[in-house]
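# A look at the structure
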2 protein chains.
Amino acid sequence: MVKPASKTRKTARAQPGKPGALDRLRDAGLRPTRQRVALAALLFDGHPHGRHVTAEMLFDEARRRGARVSLATVYNTLHQFTEAGLLRELVVDPGTSHFDTNMGDHHHLYFEDSGELRDVDAGGIAIKGLPPTPRGTEVASIDVIVRLRRR
Amino acid sequence: MVKPASKTRKTARAQPGKPGALDRLRDAGLRPTRQRVALAALLFDGHPHGRHVTAEMLFDEARRRGARVSLATVYNTLHQFTEAGLLRELVVDPGTSHFDTNMGDHHHLYFEDSGELRDVDAGGIAIKGLPPTPRGTEVASIDVIVRLRRR
DNA sequence: TCAATAGATTAGAATTATTCTAACTAAAGA
DNA sequence: TCTTTAGTTAGAATAATTCTAATCTATTGA
């Protein structure tokens, strides 16, 4: 028997070759619950260049698509995904955390007027002259944020 | 008549050659109210290398010294000082803003375990390979945060 | 197959961080 | 001095996030 194509598609299809939301969750050791699958699909499917969201943004988006999730669960899930290495938490803006689906080595442009956040690949960027890492510590990460304003 | 030396000193004395809290406020066009003078003294006097505070930290410190200030006023004042160019707001930690009295060009080391924040002079640091500034915008600032963890 | 158990997950409630605004205060002008 | 105006303060309100009790799900054993 052939599986019929679903009539209505609520989520964008995963990129060919990329794991779908379900596989991502399984690989990360997280139970693929209804809520997580819905959020993972919104975050990862159909966004080949990555995306930046706040908890509130993702919550609104999920609601608009008809997913039944609470805001608290969105927060919990974003943190679980971050711990699992699926997301990176960004702090650019006092008062809200942003989460970035791009896990590659990169930095950020932040447009202060609009709040837009854009990735800059770290490939071409070199930071010279940083002091040696203090004794007993290691570098967890280096964040570079270029803040832009309208001229 | 000669003004007698005060018996009890509640605040550290300003550095010789550096303006005291009162003058700083006047220069910035802010009324030197009781609350502001107390907070400015805590922030600037006796800290030649600058300091990093959160609103809560400064509030507690002010209270311990017997200053009558509300937490809301501490927040208001920190923002007024920031707008006046006396402070710089830092966002390193999701959930709290830090304010830095060092207005020179510098970056930060952030010790994730302890929450300590340390300045790194920008003098010796060069960032190469950043993309050109997008049309219609200018660089407001570049923040570099090196996040360190215990090894 | 089904029930019992343990552990994971969810979301309402609680907490924390911050902002807003009505009341107060100080400065400036008459 | 009195009045007016603008700046300032802090209690109350809001926004962002976390906590935890209740719920759900997977697993195990009968």
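To start, this report covers the structure provided alongside it. These numbers were taken from a predicted model, which means no experiment stands behind them. (Residues numbered from 1 in each chain as written. Chains lettered and ligands numbered in written order. Predicted model: local features only at pLDDT ≥ 70, side-chain atom pairs only at ≥ 80, totals over all residues. Heavy atoms only, no water.)

Take the protein's contact with DNA strand D next. With respect to spatial proximity, 18 residues lie near DNA strand D, and among them Tyr75(A), His79(A), Arg31(B), Thr33(B) and Arg36(B) are the closest. Of all atoms in DNA strand D that approach within 4 Å of the protein, 73% are sugar or phosphate atoms. In the model, a phosphate oxygen of DNA strand D is placed 2.9 Å from a nitrogen or oxygen of the Gln35(B) side chain. Within the side chain of Asn76(B), one N or O atom sits 2.9 Å away from a base nitrogen of DNA strand D. Breaking the surface near DNA strand D down by element, the ones donating at least two residues are helix 4 (71–83) and strand 3 (96–100) of chain A together with helix 2 (34–44) and helix 4 (71–83) of chain B. Among the elements that line the surface near DNA strand D, the one with the most residues is helix 4 of chain A, at four residues. (Near = heavy atom within 4 Å. Polar contact = N/O pair within 3.5 Å; in protein donor to acceptor, adjacent residues only side chain to side chain. Helix = DSSP H or I, 4+ residues; strand = E, 2+ residues; numbered from the N terminus.)

Residue and element names in this part refer to chain B. Within the secondary structure, Thr101 sits in the loop between strand 3 (96–100) and strand 4 (106–111). Classification of Thr101 as buried rests on a relative accessible area of 12%. A polar side-chain atom of Thr101 sits 2.7 Å from the main-chain amide nitrogen of Arg51. In this view, Thr101 contacts Leu43, Phe44, Gly50, Arg51, Leu86 and Leu87; residues no more than four positions away in its chain are not counted. (Buried < 20%, exposed > 50% of the residue type's maximum accessible area, 1.4 Å probe, protein only. Contact = heavy atoms within 4.5 Å.)

This brings us to helix 2 of chain B. Residues and elements named next belong to chain B. Buried residues dominate helix 2, accounting for eight of its 11 residues. Looking at helix 2, one finds that the buried residues are Arg36, Ala38, Leu39, Ala40, Ala41, Leu42, Leu43 and Phe44. Contact partners of the buried residues in helix 2: helix 1 (21–28), strand 1 (52–53), helix 3 (55–64) and helix 4. Directly beyond the C-terminal end of helix 2, a positive phi value near 75° is found at Gly46.

In this fold, Ala55(A) is placed in helix 3 (residues 55–64). C-alpha of Ala55(A) to C-alpha of Ser97(A): the two residues are 42 residues apart in sequence and 7.7 Å apart in space.

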